[in-house]
Amino acid sequence: MKCTCAYSWGAQAITPWYEKISQARMEQIKMKFALKKPMNEEGFALPERTAENTPTGAPSEKPPAVISLGSVAEYYTGYARIDNAIVDALKGRGQELKDSVYDIIRNDLVPNHVHGLEEEDRLALISLGVEKAQYLADQFMDGGTRASFMTAIRSIAKIGAAGTRVGNCEMKYNVKNVIGFDGTGHVMENQSDEFLFAMERLSPGDYETYKKMYEAGGDSAREASFFALRWAMANIDAVAGYKTTYNRYKDEQYAQLDKVELDQTFAGADTSGKVNFLESIREKLQENQRLQINFFLEQIAKMTEGSGGYLTARQKIVRARA
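This write-up is about the structure you can find in this document. (Residues numbered from 1 in each chain as written. Predicted model: local features only at pLDDT ≥ 70, side-chain atom pairs only at ≥ 80, totals over all residues. Heavy atoms only, no water.)

1. Remarks on the overall build of the chain
Note the following rule: Each helix is a run of H or I in the DSSP string that is no shorter than four residues. Each strand is a run of E no shorter than two, and both are numbered from the N terminus. Here the term buried applies to any residue with accessible area under 20% of the maximum for its type, exposed to any over 50%, and partly exposed to those in between, with areas from a 1.4 Å probe on protein chains only. Any two residues having at least one pair of non-hydrogen atoms within 4.5 Å are treated as being in contact. To be clear on the numbers: accessible area is Shrake-Rupley with a 1.4 Å probe, and residue cover counts the displayed protein chains and nothing else.
Scanning the chain for helices and strands turns up 12 helices and six strands. The 322 residues of the chain split such that 35% are buried. At a minimum sequence separation of 6, the contacts of the chain that also span at least 24 residues come to 71%. As displayed, the chain has an accessible area near 20,300 Å², and 53% of this comes from carbon and sulfur atoms.

Have a look at this one:
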C-alpha cells in the first residue's frame, strides 16, 4: 500500500512529462524550437571592471540573525494521574526544560505522523524518548520529583506503544480530546465519563443514542454533550450510586496500561552527562542495525543543537555575508 499522508508525494506514481507526449508531438516541438529566434541575439557578457565598479577590501561579515522558533506546546492525555505529575515536575522550571519534555512527548512518545517508519522503528523511537526523558530527569530534577515524572513518562510511552495506525502514517491513541483544567493548571478527570459509565449500564438505549450523536461530529457532537448532561441530571442519584464502581473501573484502566510492554532498544543509556548520553545512544544504535540508522542519527544530531544540557533547540542562527 502506498503512503497518502501529507508527508508524501501522494498515492499515484509521478509520470515524467515526456512519457505523456507522443513521438509525433515531440518531433513537432523540436522543429518549432529550432525555428524560434532568440529573444536576445547579443551574447551574454559580464561588464568590464573599472575603478567605479570594483569592490575594495574584504567582504564584510554581517552579524548572525537569531530566529526564535517559539515554545513547544504542552501535551495532555486527559488522564489526571499522568498529566498532573508532568505539570508538577515542570512547575517553576525554565522554558528550555519544558520545551525539551514536551518535544519528547509530542515527537517521540505519541507522534501524530510516523511517515516512513516501520513499526519496529516507531517502537524504538518511543524507547529513545523514554531515555531522553530519563536524562532530563537525572540532570534537572530531585529524587522525589524524578520518580513521579518518570512514572508519568512511561505511562505516556505505553499509551504510544498501544497506539494504532490509521492508514500507513497517521496514529490514533487512547487519549482525551476535550480536557478540563482547574485553577492551578492541573488536569481534571472528565466528569462526563462518569455520566456515560452509568448511562451505558442503566440505560443502554440512551447510550447508543448518545454514541450516534457524538460520532456524527459537528453540531451533533456538541448536542451529544448536552444530551449526556440532561440524562445525568435526571438520574443524579443513580450516577452517584455508581461512583464506587466507576472509581474501580478507572483503577483498572490504569492497571491495564501498566501491563503494556515497552521496547528496550535504548534502555539503560548513560545519563550522567550530555556527551556521555549521546555517545551511549549512538553505541546502542550500532547494536541494532535492523533499524533505520539514518533516521536515528538525525535524532541524535538534533539533540546536539540544544543549548547547555537540554535536548531541544528553539533557536536557529543564520549567518550571511554581504
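2. A few points about the packing of aromatic side chains
Think of a pair of aromatic rings as described by two things: how far the centres are apart, and how the planes are tilted against each other in angle. Note the cut-off: Stacked, tilted and edge-to-face are the three classes assigned to paired rings of Phe, Tyr and Trp, where Trp is represented by its six-membered ring and a pair needs centres within 6.5 Å; plane angles under 30 degrees give stacked, over 60 edge-to-face, the rest tilted. Cation placement over rings: the criterion is NZ of Lys or CZ of Arg within 6 Å of the ring centroid and within 35° of the ring normal.
For the structure on display, the rule yields 12 aromatic pairs. Judged by centre distance (5.7 Å) and plane angle (40°), the ring pair of Phe266 and Phe296 falls under tilted. Note that Phe266 is positioned in the loop between helix 10 (243–258) and helix 11 (274–286) and Phe296 in helix 12 (residues 293–304), a separation of 30 residues in sequence. For the pair shown, Phe266 and Phe296 are each scored as buried. Pairwise contacts between aromatic rings join Phe197, Tyr242, Tyr246 and Tyr249 into one cluster. For the cation-ring pair, Lys176 lies above Tyr79, with the distance from its terminal atom to the ring centre recorded as 4.9 Å.

3. Description of the nonpolar core
Basically, it comes down to this: Side-chain atoms within 4.5 Å are what join buried Ala, Val, Leu, Ile, Met, Phe, Trp, Tyr and Cys residues into a set we call a nonpolar core.
Counting 53 residues, the largest nonpolar core has Ile86, Ile105, Leu109 and Phe149 as its most contacted members. Looking at this core, the elements that each hand over two or more residues are helix 2 (80–90), helix 3 (95–109), helix 4 (119–140), helix 5 (143–161), helix 10, helix 11 and helix 12. Ranked by residues supplied to this core, first place goes to helix 4 with nine residues. The contact partners of Phe149, leaving out residues within four places of it in the chain, are Ile86, Ala89, Val101, Ala133, Ala137 and Met141. Counting 13 residues, the second-largest nonpolar core is a separate cluster that includes Phe195, Ala198, Met199 and Ala228.

4. Remarks on the pattern of salt bridges
Which entries qualify depends on this criterion: What makes a salt bridge here is a side-chain nitrogen of Lys or Arg within 4 Å of a carboxyl oxygen of Asp or Glu, nothing more.
This structure, assessed with the given rule, holds 14 salt bridges. With a shortest N-O distance of 3.6 Å, Lys91 and Asp88 are connected by a salt bridge. The class of Lys91 is partly exposed, set by a relative accessible area of 47%. Lys176 is the partner of Asp193 in a salt bridge, and the nearest nitrogen-oxygen pair spans 2.9 Å.

5. So, a nonpolar patch on the surface
Short version of the rule: Like charges within 9 Å and nonpolar side chains (Val, Leu, Ile, Met, Phe, Trp, Tyr) within 5 Å are joined into patches, using only residues over 30% in relative accessible area that form no salt bridge.
Taken together, Phe226, Leu229, Met233 and Ile236 make up a surface patch of nonpolar side chains, about 400 Å² in accessible area. Sort the elements by how many residues they give to the nonpolar patch and helix 8 (residues 218–234) lands first, with three residues. With respect to the helices and strands, Phe226 occurs in helix 8.

6. Structural notes on the packing of helix 4 against helix 11
Heads up, the condition is: The convention used is that axes are lines fitted to C-alpha atoms, helices contributing only their stretch in contact, and that angles between N-to-C directions extend from 0 to 180 degrees. Every angle not falling under 35 degrees, over 145, or within 65 to 115 is termed oblique; those three ranges are roughly parallel, roughly antiparallel and roughly perpendicular. Left-handed describes a crossing whose near helix is turned anticlockwise from the far helix through less than a right angle; right-handed describes the clockwise counterpart. Each residue is assigned to one class: nonpolar for Ala, Val, Leu, Ile, Met, Phe, Trp, Tyr, Cys and Pro, charged for Asp, Glu, Lys and Arg, and polar for all the others, Gly among them.
Between helix 4 and helix 11, the least distance of the axes is 11 Å, while the angle of their chain directions is 165°. By the angle between their axes, helix 4 is roughly antiparallel relative to helix 11. Two packed elements cross with a definite hand, and for helix 4 against helix 11 that hand is right-handed. Seen from helix 4, the contacting residues are Leu128, Glu131, Lys132 and Tyr135; seen from helix 11, they are Lys274, Phe277 and Ile281. Per-class residue counts for the contact of helix 4 with helix 11 are four nonpolar, no polar and three charged.

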